[in-house]
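Structural overview for review
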Amino acid sequence: MTNKYEASMNFDVEMVRDFLEQLEDELELGLEIDELCDFTENTEVEDERQRTYDIEFRGDDASMTYVVFMDDIDAPDIAFFVSDPELADEINQQMEAFAEKHGL
């Protein structure tokens, strides 16, 4: 079994698209932003759902599992479980930059 590395953060649901767009702009992973946003918004309170994607990171194939736990109405916990520890670090850095930019 492949090791998985985590990057996670709690969001307001209306900020998920902005974060995913920032993440895609910075890392060019080939994320399907509309699909991920719909998936997130349609997760019921106290429900956890996940989807796994094949992506590319720095020219190499990687795996990403996108996990949503709707902790509270309109406040999902979002986690990325990835096969590359450097990718997890990059996503965490993007989360920190996003939080700082938005005063979170």
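Scroll up a little and you will see the structure.
Residues numbered from 1 in each chain as written. Predicted model: local features only at pLDDT ≥ 70, side-chain atom pairs only at ≥ 80, totals over all residues. Heavy atoms only, no water.

**As for the pattern of salt bridges**
Between side chains of opposite charge, a pair can form as their charged atoms come close. The condition is simple: Salt bridge, as applied in this entry: a Lys or Arg side-chain nitrogen positioned within 4 Å of an Asp or Glu carboxyl oxygen. A run of DSSP states H or I qualifies as a helix once it reaches four residues; a run of E qualifies as a strand once it reaches two. Both are numbered from the N-terminal end. Relative accessibility thresholds used throughout: buried, under 20% of the residue-type maximum; exposed, over 50%; partly exposed, between the two (1.4 Å probe, protein chains only).
Applying the stated criterion to the full structure yields four salt bridges. Linking Arg51 and Glu35 is a salt bridge whose minimum nitrogen-to-oxygen distance equals 3.2 Å. Of the two residues, Arg51 sits in strand β2 (residues 48-57) while Glu35 sits in helix α2 (residues 33-41), which places them 16 residues apart along the sequence. Judged by its relative accessible area of 28%, Glu35 is partly exposed. With a shortest N-O distance of 2.7 Å, Glu90 and Arg58 are connected by a salt bridge. Placement of the pair is Glu90 in helix α3 (residues 85-101) and Arg58 in the loop between β2 and β3 (60-72), with a sequence separation of 32 residues. Connected through salt bridges with shared partners, the residues Arg58, Glu86 and Glu90 form a single ionic network.

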